[in-house]
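For reference, the chains in residue letters:
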Amino acid sequence: MGMMRKAFLLGLGAMSITREKAERYYNEMIEKGHMSKEEARQFVEDAIKKGEEERKEMKNFIREEMGELKKDFSVVSRSEFEALEARVKELEQKLS
């Protein structure tokens, strides 16, 4: 498994652990009467919204890092490789 994939999965795991802890926390607060169900619902909505924002930021960060890696290591994209492969096949056919 690639290093970027491992880092991404680690981040997802950390987010799910945080969500589980948050759910436990607000359930305890409801049981103790420190938070109403409406406040808990709002808390969940805010947490989901924040999670989505962080997921988008992570996705953008990964894209930027992958772009930098491509520049640093002169990596060819799948589409570039396939285009070159098609050109080679075409030239081979012309030479045959």
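What counts as what
Residues numbered from 1 in each chain as written. Predicted model: local features only at pLDDT ≥ 70, side-chain atom pairs only at ≥ 80, totals over all residues. Heavy atoms only, no water. Helix = DSSP H or I, 4+ residues; strand = E, 2+ residues; numbered from the N terminus. Buried < 20%, exposed > 50% of the residue type's maximum accessible area, 1.4 Å probe, protein only. Areas by Shrake-Rupley, 256 points an atom, 1.4 Å probe, with all protein chains shown as cover. Salt bridge = Lys/Arg side-chain N within 4 Å of Asp/Glu carboxyl O. Patch = residues over 30% accessible without salt bridge, like charges linked within 9 Å, V, L, I, M, F, W, Y side chains within 5 Å. Expected span 1.5 Å × (residues − 1). Contact = heavy atoms within 4.5 Å. pLDDT = per-residue confidence, 0-100.

**Student:** Which residues make up the overall build of the chain, and what values go with them?
**Tutor:** Tallying secondary structure elements over the chain gives three helices and zero strands in all. Listed by position from the N terminus, the elements making up the chain come as α-α-α. Taking all 96 residues of the chain together, the buried fraction comes to 7%. Of the accessible surface of the chain, which amounts to about 8,600 Å², a share of 57% is contributed by carbon and sulfur atoms.

**Student:** How would you sum up the pattern of salt bridges? Please name residues and give values.
**Tutor:** By the definition in use, this model includes two salt bridges. Residues E68 and K71 are paired through a salt bridge, measuring 3.6 Å at the closest nitrogen-oxygen approach. Taken together, the residues span about one helical turn, with E68 and K71 both in helix α2 (residues 37-73) at a distance of three residues. In this structure E68 comes out as partly exposed when scored by relative accessible area, which is 40%. Among the residues examined, K71 registers a relative accessible area of 63% and is labelled exposed.

**Student:** Break down a nonpolar patch on the surface for me, citing the residues and quoting the values.
**Tutor:** A grouping of M66, L69, F73 and V75 is seen on the molecular surface, where their side chains present a nonpolar patch of about 370 Å² in accessible area. Position of L69 relative to the elements: it lies in helix α2.

**Student:** Outline α2, supporting the account with residue identities and numerical values.
**Tutor:** Between its first and last C-alpha, α2 extends 53 Å over 37 residues, near the 54 Å set by a 1.5 Å rise per residue. After α2 finishes, the residue S74 shows a positive phi value of roughly 50°.

**Student:** Can you tell me about the environment of I30, naming the residues and giving the values?
**Tutor:** When you line up the elements, I30 lands in helix α1 (residues 3-32). For the pair I30 and A40, spaced ten residues apart in sequence, the C-alpha to C-alpha distance is 7.5 Å. Sequence-distant contacts of I30, that is, excluding residues within four places in its chain, are made with M35, S36, K37 and A40.

**Student:** How would you summarise the confidence of the model for the chain if you had to cite specific residues and measurements?
**Tutor:** Mean pLDDT over the chain stands at 78; residues scoring 70 or higher make up 80%. Model confidence for the chain, summarised as mean pLDDT per element, is weakest for α1 at 67 and strongest for helix α3 (residues 78-95) at 95.

**Student:** Run through the environment of S36, naming residues and quoting values.
**Tutor:** Relative to the elements of secondary structure, S36 occurs in the loop between α1 and α2. We classify S36 as partly exposed; its relative accessible area is 34%. For S36 and Y26, which are ten residues apart along the polypeptide, the C-alpha to C-alpha distance reads 9.3 Å.

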